[in-house]
Amino acid sequence: MVNLIGSPGSGKTTLLEATLPRLGLRAAVVEGDVATERDAERIRALGVQSVQINTQGGCHLEAHLVERALARLDLTGMDVLFVENVGNLVCPAEFDLGEDFKVAVSSVPEGSDKPLKYPALFSQAGAVLLTKTDLLPAVRFDRGLFWGDVGRLNPRASRFEMDSLSGEGVEAWCEWLRGRLEGKRGSDRRGSPAEGR
Amino acid sequence: MHEMSLIEALVESLEETARRDRWPRVDRVSLVVGALRQVVPEVMVFCYQVAVEDTALAGSRLDLVFRPIRRRCAACGVVYEGEDAFSPCPACGSPEAELVGGMELYVESVEVEADEDDADSADAAGDGERRGPGGGGEEGSGEAGCPDGEPDRLPRIGEDHPA
């Protein structure tokens, strides 16, 4: 299970739209939003199972909500479950949904200072994704500062930059995901605990 | 800002365990909270008082035990405490370190009223019996220090629980 966490508009759903056709794995998506089915509908349009949780005011997903959502999915033969958390860099970092790792999604227009401002998320994330790289020429964004700060908080986190609309950078992220799945299955076969990060 | 969510999950888990294990009256719950947790201590205590009203835990007190932010330097391996999640290594000055403590959130112990007639009571004077330490589940970093103990006896907060 992958727990995607990022601000509203950081590009989480668009990232999934770019990832799912390229991933080559059986996947399903649990979508979390305060209201509307919009994100689940976008995923279903790709032919991928998706269930929407509406928190009706809640600012983050919790494990019991995801548990209920799982009951609405056919998980037979499923390789990976993506949970797209409610748009929010603060609260979702506090809650363990049972994921294998959290992924911090931060977009270029949000600015390069987000990691140090939201240390709980960026310190814990197994991967940090910088999205909307096509906007780099248009906005002020210091990539050195951004990745330098990610390194200060979490030197072991895997790092990816992508433009989900063109697909640039998405394959590297997909390859990493496939590797994580392989690694987890290898650990399961050997009977050792799967690594969390 | 989500203290009530966390406390409700805690109280629900404790109640379930209290019922299952037939605990006597609960006097005190000791909750370990890492310094990087985004919670306000006074709000946690207040939410607990509200949440336990009319439950098996009514009248019990929540004590918070804080754990500092701890990081392991990526360059020299030294583990150090920091005021924040990005302070450099005091030993070698490297700015890069990984978080190894500060996201803890687990029940360290529960004090219940000892029954003087109970042969298993640990305290014949009736000051209270400690169950624990350790063993609560935790959210956040797996390296943050879920202690050895009795993981199945004490409630875990934040894990899936019946809706």
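## So, the overall build of chain A
- Secondary structure assignment for chain A yields seven helices and seven strands.
- Taken from N to C terminus, the helices and strands of chain A fall in the order β-α-β-α-β-α-β-β-α-α-β-α-β-α.
- Relative to the globule expectation of 16 Å for 197 residues, the C-alpha radius of gyration of chain A, 16 Å, shows essentially globular dimensions.
- The dimensions of chain A, computed from C-alpha atoms along their principal axes, are 45 × 40 × 30 Å.

## A short note on the sheet that holds strand 3 (residues 69–73) of chain B
Residue and element names in this part refer to chain B.
- Ordered by their spatial adjacency, three strands build an open sheet running 4-3-5, and the pairing between neighbours is antiparallel. In this open sheet, the two strands that pair with only one neighbour each are strand 4 (79–82) and strand 5 (97–101). Geometrically, the sheet is characterised by an average inter-axis angle of 40° between neighbouring strands, direction not taken into account.
- Note that strand 3 and strand 4 share four bridges and pair antiparallel.

## Re the packing of helix 1 (residues 12–23) of chain A against helix 7 (residues 170–190) of chain A
All names here are of chain A.
- Here helix 1 crosses helix 7 at 60°, and the two axes come no closer than 10 Å. Two packed elements cross with a definite hand, and for helix 1 against helix 7 that hand is right-handed. Note on element contacts: helix 7 touches helix 1 through Val170, Glu171, Trp173, Cys174, Leu177 and Arg178, opposite Leu15, Ala18, Thr19, Arg22 and Leu23.
- Classifying every residue of the contact of helix 1 with helix 7 gives seven nonpolar, one polar and three charged.

## Side note on the pairing of strand 2 (residues 27–33) of chain A
Residues and elements named next belong to chain A.
- Within strand 2, seven of the seven residues are buried, leaving the element largely enclosed by the surrounding structure.
- Residues Ala27, Val29, Glu31 and Asp33 line one face of strand 2 and the alternating positions Ala28, Val30 and Gly32 line the opposite face, and both faces are buried.
- Running through helix 2 (residues 38–44), the crossover from strand 2 to the neighbouring parallel element strand 3 (residues 49–54) is right-handed.

## Comments concerning the side chain of A:Lys114
Residues and elements named next belong to chain A.
- Relative to the helices and strands, lysine 114 resides in helix 4 (residues 114–117).
- Since its relative accessible area comes to 14%, lysine 114 is described here as buried.
- With residues near it in sequence (within four places) discarded, lysine 114 still touches Leu89, Ser106 and Phe122.

## Structural notes on the layout of surface pockets
All names here are of chain A.
- Roughly 310 Å³ of volume is contained in the second largest pocket.
- Taken together, 17 residues form the lining of the second largest pocket, with Met1, Asp100, Arg180, Leu181 and Lys184 sitting closest to its centre.
- Of all the secondary structure elements, the ones that give two or more residues to the lining of the second largest pocket are strand 4 (80–84) and helix 7.
- Residue contributions to the lining of the second largest pocket peak at eight residues, all from helix 7.

## Details of the sheet that holds strand 2 of chain A
Residue and element names in this part refer to chain A.
- Within the open sheet, the seven strands sit side by side as 3-2-4-1-5-6-7. Their pairing is parallel. Strands with a single pairing partner mark the edges of an open sheet, and in this sheet they are strand 3 and strand 7 (158–161). Between one strand axis and the next, the sheet turns by 20° as a mean value, whatever way the strands run.
- Across the sheet, helix 1 lies against strand 1 (2–6), strand 2, strand 4, strand 5 (101–107) and strand 6 (127–131), angled at about 170° from strand 4, the strand it touches most.
- Packed on one face of the sheet, helix 3 (residues 63–70) meets strand 2, strand 3 and strand 4 and runs near 140° to strand 3.

## Structural notes on the side chain of B:Arg37
- Its location among the elements puts B:Arg37 in the loop between strand 1 (26–34) and helix 2 (41–52).
- You can call B:Arg37 buried: its relative accessible area is 4%.
- Here the side chain of B:Arg37 touches A:Glu94 through a polar contact of 2.9 Å, landing on its backbone oxygen.

## Notes on the packing of helix 1 (residues 3–21) of chain B against helix 2 of chain B
All names here are of chain B.
- Close contact between helix 1 and helix 2 brings their axes to 9 Å; oriented N to C, the two are set at 45°. Taken as axis vectors, helix 1 and helix 2 run oblique relative to one another. In the crossing of helix 1 with helix 2, the sense of the turn from one axis to the other is right-handed. Across the interface between the two elements, Glu3, Met4, Ile7, Leu10 and Val11 from helix 1 touch Val43, Met44, Cys47, Tyr48, Val50, Ala51 and Val52 from helix 2.
- Among the residues forming the contact of helix 1 with helix 2, the class breakdown is eleven nonpolar, no polar and one charged.

About the criteria used
- Residues numbered from 1 in each chain as written.
- Chains lettered and ligands numbered in written order.
- Predicted model: local features only at pLDDT ≥ 70, side-chain atom pairs only at ≥ 80, totals over all residues.
- Heavy atoms only, no water.
- Helix = DSSP H or I, 4+ residues; strand = E, 2+ residues; numbered from the N terminus.
- Rg over C-alpha atoms; globule rule 2.2 N^0.38 Å.
- Pairing = 2+ DSSP bridges.
- Axes fitted to C-alpha atoms, helices over the stretch in contact; angles between N-to-C directions.
- Left-handed = near helix turned anticlockwise from the far one by under 90°.
- Contact = heavy atoms within 4.5 Å.
- Nonpolar A, V, L, I, M, F, W, Y, C, P; charged D, E, K, R; others polar.
- Buried < 20%, exposed > 50% of the residue type's maximum accessible area, 1.4 Å probe, protein only.
- Right-handed = clockwise from strand over helix to strand, strands pointing away.
- 1 Å grid on protein atoms, 1.4 Å probe; cavity = no way out; pocket = protein on both sides within 12 Å on 5 of 7 lines; lining within 4 Å.
- Points joined across faces, edges and corners; volume = space filled by probe spheres on them.
- Polar contact = N/O pair within 3.5 Å; in protein donor to acceptor, adjacent residues only side chain to side chain.
- Parallel < 35°, antiparallel > 145°, perpendicular 65-115°, else oblique.

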